Amino acid sequence: PAPAPAPAGFKPPARTKQFNPPIRPGTRAVASTASRLCRGGGTGTGGTGAGAAPSVHDLFSSRTDRERLGSFFDYLKPGERPGAPSVVLDPQVRAMSADTAAGYRVRDEANDRVLDANDVRAVMISEHGCVDRLLEPDWCANAYRWTVWTQSCVARAFPDAADAVKAPAVIDRMLYRYEREILRAQRPWVRRVLERDTPAKSPAVLCVVAIRRFGAGRDGRARLELTDGWYGVDAVLDAGLTSLLRAGHPGLRVGAKVLVQGAELRGSPEPVPPLSKNAKDLHLALRFNGVRPARWDARLGSVKRRVAVPLRTLRPDGGACASAVVYVERVYPCAFIETDEATGKRTHRGDRAEALARDRWERARDSEVERIREEGT
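Notes on the structure in this doc start here. (Residues numbered from 1 in each chain as written. Predicted model: local features only at pLDDT ≥ 70, side-chain atom pairs only at ≥ 80, totals over all residues. Heavy atoms only, no water.)

Observations regarding the packing of aromatic side chains
Keep this limit in mind: Whether two aromatic rings pair depends on their centres lying within 6.5 Å, for rings of Phe, Tyr and Trp, where Trp uses its six-membered ring; planes under 30 degrees apart make the pair stacked, over 60 edge-to-face, and the rest tilted. Here a strand is any run of E in DSSP of at least two residues, a helix any run of H or I of at least four, and the numbering for each starts at the N terminus. Each residue gets one of three labels from its accessible area relative to the maximum for its type: buried under 20%, exposed over 50%, partly exposed in between, using a 1.4 Å probe on protein chains only. Look at NZ for Lys and CZ for Arg. If either is within 6 Å of the ring centre and within 35 degrees of the ring normal, a charge sits over the ring.
Counted according to the given criterion, the structure contains three aromatic pairs. Between Trp146 and Trp149, the ring centres sit 6.0 Å apart and the planes meet at 80 degrees, which makes this aromatic pair edge-to-face. Here Trp146 pairs with Trp149, and both are found in helix α3 (residues 137-157), just three residues apart, close to one helical turn. With centroids separated by 6.4 Å and ring planes inclined at 40 degrees, the aromatic side chains of Tyr176 and Trp230 adopt a geometry described as tilted. Of the two residues, Tyr176 is situated in helix α4 (residues 167-183) and Trp230 in the loop between β4 (223-227) and β5 (232-237); the sequence distance between them amounts to 54 residues. Pair check on accessibility: Tyr176 and Trp230 agree, each one buried. Arg145 extends its terminal NZ or CZ atom over the ring of Trp146, reaching a point 4.3 Å from the ring centre.

Take a look at the structure:
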């Protein structure tokens, strides 16, 4: 039969084309371009590269069954190892800080030259196949700063590894960062926190980079700069941590690693790129109960699980604790408290006494119901 005519004044909707989903089932997503950190763009790379960018580093995939760094030194700290170093370090490397690392120039002995951040970027593009549009100067300068500072710390801790601050080692670590963060979109902990994709209360191991302020006055709060090895972020300590810092606690000295749990990111409520100017307005608020010293060979960055701390190490004014270790010494039976609304008297009972009281109340209720029924009949 023919369809009924449309009522007067009614216009049927126009036909639309069939909806095509952006990604069909069974097909792979096409990787987008790399992030623009300074402009707040998202990172959408995946697989083995951003778009058609070639891979430049294997991320040490050939190194299987890797052991902890401390196992090679019987877990002794750098200052506890016997023997004298066989290599004398460069005075600039020995006095290197995170602030001076940005201006340090690494030596390329093979080509008899020295390289700064811009020169390293040019070498990565011309000699190693990095894509110019993906390797932004600001990102390269930040990565160069933290790479040089980290490699100088390695050279100071292991003087026999003085080549760690030379051009081949620094460029290799820069390629490693480019492969992980730009091509494979594996963002570090600080960046994910600043971009509001990871809660700041999640556990992480950070390194103390610098002490920016010790705190003035009785209510002054100390201010530190922490890093996950990729980006830096300011941290404001509470009164308990500030007192430890002023007392010279070794766990809060420059170069020490700390386990941070339950931190709070304060500042702008919006996501902020780590290399933008607004990133300086954000800081982590650290509490005494959420900060613990970490092993000297602990891996920086995110920790998969919360770490429990002994109950005796907590302070009542130290904020919340992510997880604590407690031992059950005694289990008491259930206790019941009944309050008389008329007199306000409280009666404490155990399990047996509560069961007897409940039976008396039920018998009294049943007898009262029977009396009301008899009166009604």
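Comments concerning the packing of α3 against α4
Rules: Between N-to-C directions, angles cover 0 to 180 degrees, with each direction set by a line fitted to C-alpha atoms, over the stretch in contact for helices. The labels follow the angle: roughly parallel below 35 degrees, roughly antiparallel above 145, roughly perpendicular from 65 to 115, and oblique for the rest. Helix crossings fall into two classes, left-handed where the near helix is turned counterclockwise from the far one by less than a right angle and right-handed where it is turned clockwise. By the convention used here, residues are in contact when the closest approach between their heavy atoms is within 4.5 Å. Following the grouping adopted for this structure description, the nonpolar residues are Ala, Val, Leu, Ile, Met, Phe, Trp, Tyr, Cys and Pro, the charged ones are Asp, Glu, Lys and Arg, and the polar ones are all others, Gly among them.
Orientation of α3 relative to α4, taken along the N-to-C sense of each, is 130 degrees, at an axis distance of 10 Å. Relative to α4, the element α3 lies oblique. Considering how the two elements wind past one another, α3 and α4 form a crossing that is right-handed. The segment α3 lies against α4, with Trp139, Cys140, Ala143, Tyr144, Trp146, Thr147, Val148, Thr150 and Gln151 engaging Ala169, Val170, Arg173, Met174, Arg177, Tyr178, Glu181 and Ile182. When the residues that make up the contact of α3 with α4 are grouped by side-chain class, the tally is eleven nonpolar, three polar and three charged.

Things to note about the pattern of salt bridges
Stated formally: Any Lys or Arg side-chain nitrogen found within 4 Å of a carboxyl oxygen on Asp or Glu counts as a salt bridge.
According to the stated counting rule, one finds 25 salt bridges in the structure shown. Residues joined in a network through salt bridges with shared partners are Glu181, Arg187, Arg191, Glu195 and Asp197.

Quick look at the nonpolar core
Applied cut-off: The set of buried Ala, Val, Leu, Ile, Met, Phe, Trp, Tyr and Cys residues whose side-chain atoms join them within 4.5 Å is what this entry labels a nonpolar core.
Met124, Tyr178, Leu284 and Leu286 are the most contacted members of the largest nonpolar core, which totals 72 residues. For this core, the element with the highest residue contribution is α4, accounting for nine residues.

Here's the deal with helix α2 (residues 117-128)
Under the convention used in this document: Residue count minus one, scaled by 1.5 Å, sets the expected span of a helix. The directions from the helix axis to the C-beta atoms form the arc being described. Identification of polar contacts relies on pairs of N or O atoms within 3.5 Å, with a donor-acceptor requirement for protein atoms, meaning one able to donate a hydrogen and the other able to accept it, and with residues adjacent in sequence counted only if both atoms are side-chain atoms.
Look at α2: 15 Å from first C-alpha to last across twelve residues, which is about the 16 Å you get at 1.5 Å a residue. Residues of α2 that are buried: Ala117, Val120, Arg121, Val123 and Met124. The buried side chains of α2 occupy one side of the element, clustering within an arc of 160 degrees when seen end-on. Opposite the buried face of α2, by more than 90 degrees, sit the exposed residues Asn118 and Ser126. A side-chain oxygen of the first residue of α2 lies 3.3 Å from the backbone nitrogen of Asn118; this N-cap is Asp116. Immediately beyond the C-terminal end of α2, within one or two residues, lies Gly129, with a positive phi of roughly 85 degrees.

A word on the pairing of strand β14 (residues 346-349)
To keep things clear, this is the line we draw: Being paired, for any two strands, means DSSP has found at least two bridges between them.
Note: strand β13 (residues 336-339) against β14, four bridges, orientation antiparallel. When the sheet's bridge partners are listed, Glu338 is paired in β14 with Thr347. In this structure, the hairpin formed by β13 and β14 is closed by a connection of six residues, where Gly344 is found at a positive phi of approximately 75 degrees.

Looking at the environment of Cys130
As for its position among the elements, Cys130 is in the loop between α2 and α3. Spatially, the C-alpha atom of Cys130 lies 7.5 Å from that of Pro54, the residues being 76 residues apart in sequence.

Here's the deal with the packing of α2 against α4
Put simply, α2 and α4 touch, their axes get as near as 11 Å, and they point 75 degrees apart. As far as their axial angle goes, α4 and α2 are roughly perpendicular. Contacts from Val120, Val123, Met124 and His128 in α2 reach Ile171, Met174, Leu175 and Tyr178 in α4. Class assignment for the residues of the contact of α2 with α4 results in seven nonpolar, one polar and no charged.

Some thoughts on the side chain of Thr198
Relative to the helices and strands, Thr198 is located in the loop between α5 (189-194) and β3 (204-213). According to the relative accessible area criterion, Thr198 is buried, its value standing at 14%. Engagement of the side chain of Thr198 in a polar contact is seen with the side chain of Arg192, the distance being 2.7 Å. Beyond its immediate sequence surroundings of up to four residues, Thr198 is in contact with Trp189, Arg192 and Val193.

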